[in-house]
Amino acid sequence: MKKIFLLIAIVINLLVADNILLEKAQKANLLPIPSSTSELLKLIDEPQNPITDAKIELGKKLFFDPRLSKSNLISCNTCHNLGLAGVDGVSTAIGDNWQANPQHLNSPTVYNSVFLTFQFWDGRSPHLADQAKGPLTAPFEMASKPEDLAKKISSIKGYQELFDQTYGQNTQITFELIADTIAIFEKTLVTPSKFDKFLEGDMDILSEKEKKGLHTFIDKRCVSCHNGVALGGMMKYFVMKNFTYKDIGSFSGNDNFLVKVPTLRNISKTAPYFHNGSVWSLNEAVLEMARIQLKLKITDEEAQSIVDFLKSLDGDMPNITYPTLPY
Ligand code: HEC
Ligand code: HEC
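Just so it is clear, the structure is predicted and the values come from calculations on it, not from any experiment.

A. Molecular detail of the overall build of the protein chain. When you go through the protein chain residue by residue, the secondary structure sums to 12 helices and two strands. When the helices and strands of the protein chain are listed from N to C terminus, the series reads α-α-α-α-α-α-α-α-α-α-β-β-α-α. In terms of C-alpha radius of gyration, the protein chain reaches 22 Å, essentially the compact-globule figure of 20 Å for 327 residues. Accessible surface, the protein chain: about 16400 Å² in total, of which carbon and sulfur atoms supply 58%. Once the 34 positive and 37 negative side-chain charges of the protein chain are each reduced to a mean point, those two points are 4 Å apart.

Laid out in structure tokens, this is it:
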């Protein structure tokens, strides 16, 4: 009899502990990628440019098409490789004519970028459609001129047909429409993970190790900056002067020295880390964050525990087939 009581007590204890952790995560504003499509659409769809299947397919072709660059060699996928968690795996992005990014900036992932409030490391763009115009024209990225690009894409018969099917007969292909359409495809690049199921109430989905790591992540106050659906995406202060690798690249954030907090989704796959791609180990990135952002000395075990949790943010990648491009 006693044994049964003990067992019941243990089970209740575990359930209560899980509930406390879930509540703690919700209080810290950690939000799920909704599992229901209609809830997800509420977060990502916009009435001025609604998502349709035709736009997604066309946007995907544009995302993969190197002819959007001056050299005909570089596509969005060159630096945001969708098979490589949306990054390029090099410290600093390499674009037109093998030029490195002049500020030594690392390519952030495009997966889940729809959930960011600010785009780019200095947050200078509020929106994916606006953002996409940057790389298309940046001389060290795809180096196209807006009018030339619109003309070039219009001259490809297959594209004109697809734009007509998507937006109506005799659609004029403009630079803006190209950017808008790419942005629609990017909105579909979301990667729900075990952690989202946990936040929606499936307590058993996370291992004890991952739950412990989540406690540490919240208790050490990483969540004061890494929160919301993306666990990032807002502008926060970055303690550049204490940063071990401050001498790599030239970077000051925006006018108020604020920096976009990167998403932590799929972080185990998007090395190297930080705006200048200076750190290759996730453990080291976590220790550096605690030291410079929180003035905390955390132990190697605590860092490892946080990393255990961060791995639960590795999401299911959408199944993307490489498109045949129009002629
Ligand atoms: C040469 C490499 C390169 C190419 C090509 C490129 N990007 Fe990027 N992308 C970057 C870098 C580097 C940044 C960060 C730049 C900055 O902050 O100033 C970035 C930032 C972004 C962001 C912001 C994400 C965030 O977390 O802030 C998005 C979205 C994005 N790119 C989408 C695209 C799209 C769409 C294309 C194609 C039209 C494209 N990129 C082409 C390297 C590239
Ligand atoms: C005060 C705000 C703030 C706090 C607190 C904070 N971070 Fe960050 N985090 C940032 C900013 C800003 C960056 C981008 C810095 C850069 O790129 O140079 C960043 C970058 C990162 C990166 C690298 C992401 C990438 O894609 O390159 C990781 C990993 C990370 N943080 C984890 C953590 C962990 C774990 C904690 C808690 C120990 C934490 N952060 C606490 C603001 C914060």
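Resuming the write-up.
B. Region of the structure containing the packing of aromatic side chains. Applying the stated criterion across every chain yields a total of 12 aromatic pairs. For the ring pair Phe 63 and Phe 64, a centre distance of 5.8 Å and an interplane angle of 70° mean the geometry is edge-to-face. This pair shows no difference in class: Phe 63 is buried, exactly as Phe 64 is. Note that Arg 67 overlies the ring of Tyr 327, its terminal NZ or CZ placed 5.4 Å from the centroid. Directly above the ring of Trp 121 sits Lys 260, whose terminal nitrogen or CZ lies 4.5 Å from the centroid.

C. Structural view of the coordination of the iron atom of ligand 2. Taken together, His 226 (NE2) and Met 289 (SD) make up the protein donors of the iron atom of ligand 2, found 2.1 to 2.3 Å from the metal. Around the iron atom of ligand 2 sit six donor atoms; with metal-centred angles ranging over 84 to 179°, the donor geometry is octahedral. A residue pair is termed long-range when its members are at least 10 positions apart, and His 226 in the loop between α10 (208-219) and β1 (235-237) and Met 289 in helix α11 (residues 282-294) qualify at 63 residues.

D. Spotlight on the site of ligand 1. Taken together, 29 residues surround ligand 1, and among them Cys 76, Cys 79, His 80, Phe 120 and Lys 260 come closest. A distance of 2.7 Å separates an oxygen atom of ligand 1 from a polar atom in the backbone of Phe 120. One of the side-chain nitrogen or oxygen atoms of Gln 131 is found 3.2 Å away from a nitrogen atom of ligand 1. Among the secondary structure elements, those contributing two or more residues to the shell around ligand 1 are α4 (76-79), α5 (128-137) and α8 (175-187). A total of four residues in the shell around ligand 1 trace back to one element, the largest contributor, which is α5. Class assignment for the residues of the shell around ligand 1 results in 16 nonpolar, nine polar and four charged.

E. Focus on the coordination of the iron atom of ligand 1. Protein coordination of the iron atom of ligand 1 rests on one atom only, His 80 (NE2), at 2.0 Å. Structurally, His 80 can be placed in the loop between α4 and α5.

F. Region of the structure containing the nonpolar core. If you look at the biggest cluster of nonpolar residues, it comprises 42 residues, and the most contacted ones within it are Leu 30, Phe 195, Phe 198, Leu 214, Phe 217 and Leu 310. Looking at this core, the elements that each hand over two or more residues are α1 (2-27), α9 (194-199), α10, α11 and α12 (300-311). In this structure, Leu 30 is in contact with Ala 25, Phe 195, Leu 199, Leu 214, Ile 218, Val 223, His 226, Asn 227, Gly 228 and Leu 231, ignoring residues within four places of it in sequence. Membership of the second largest hydrophobic core comes to 26 residues, among which are Ile 56, Cys 76, Leu 82 and Phe 185.

G. Structural view of α10. Compared with the 16 Å implied by 1.5 Å per residue over 12 residues, the 16 Å span of α10 between its first and last C-alpha is a close match. Every buried residue of α10 is accounted for by Glu 210, Lys 211, Gly 213, Leu 214, Thr 216, Phe 217 and Ile 218. Packing partners of the buried residues in α10 comprise α1, α9 and α12. Downstream of α10 by a residue or two, Arg 221 has a phi angle that is positive, lying close to 70°.

H. Expanded view of the layout of surface pockets. Each pocket or cavity is described by its volume, and for the second largest pocket that value is around 250 Å³. What lines the second largest pocket is a set of 14 residues, among which Thr 37, Leu 40, Ile 44, Thr 188 and Val 190 lie closest to the centre. If you tally residues by element for the lining of the second largest pocket, the top one is helix α2 (residues 37-44), at four residues. Across the lining of the second largest pocket, the residue classes tally to nine nonpolar, four polar and one charged. Here the lining of the second largest pocket gathers at least three residues from each of two domains, domain 1 (26-35 + 191-311) and domain 2 (40-187).

I. A look at the site of ligand 2. Taken together, the neighbourhood of ligand 2 is formed by 21 residues, with Cys 222, Cys 225, His 226, His 275 and Met 289 sitting nearest. The backbone of Phe 274 places a nitrogen or oxygen atom 2.7 Å from an oxygen atom of ligand 2. It is α11 that provides the largest number of residues to the shell around ligand 2, a total of five residues. Within the shell around ligand 2, the residues separate by chemical class into 16 nonpolar, four polar and one charged.

Calculation notes
- Residues numbered from 1 in each chain as written.
- Chains lettered and ligands numbered in written order.
- Predicted model: local features only at pLDDT ≥ 70, side-chain atom pairs only at ≥ 80, totals over all residues.
- Heavy atoms only, no water.
- Helix = DSSP H or I, 4+ residues; strand = E, 2+ residues; numbered from the N terminus.
- Rg over C-alpha atoms; globule rule 2.2 N^0.38 Å.
- Areas by Shrake-Rupley, 256 points an atom, 1.4 Å probe, with all protein chains shown as cover.
- Lys, Arg positive; Asp, Glu negative; His and termini not counted.
- Charge placed at Lys NZ, Arg CZ, Asp CG, Glu CD.
- Phe/Tyr/Trp six-rings, centres within 6.5 Å; stacked < 30°, edge-to-face > 60°.
- Buried < 20%, exposed > 50% of the residue type's maximum accessible area, 1.4 Å probe, protein only.
- Lys NZ or Arg CZ within 6 Å of the ring centre and 35° of its normal.
- Donors = N, O, S within 2.8 Å, 3.2 Å for Na, K, Ca; no water.
- Tetrahedral: all angles 85-135°; square planar, octahedral: opposite > 155°, others 65-115°.
- Near = heavy atom within 4 Å.
- Polar contact = N/O pair within 3.5 Å; in protein donor to acceptor, adjacent residues only side chain to side chain.
- Nonpolar A, V, L, I, M, F, W, Y, C, P; charged D, E, K, R; others polar.
- Core = buried A, V, L, I, M, F, W, Y, C linked by side-chain atoms within 4.5 Å.
- Contact = heavy atoms within 4.5 Å.
- Expected span 1.5 Å × (residues − 1).
- 1 Å grid on protein atoms, 1.4 Å probe; cavity = no way out; pocket = protein on both sides within 12 Å on 5 of 7 lines; lining within 4 Å.
- Points joined across faces, edges and corners; volume = space filled by probe spheres on them.
- Domains from an automatic or database assignment.

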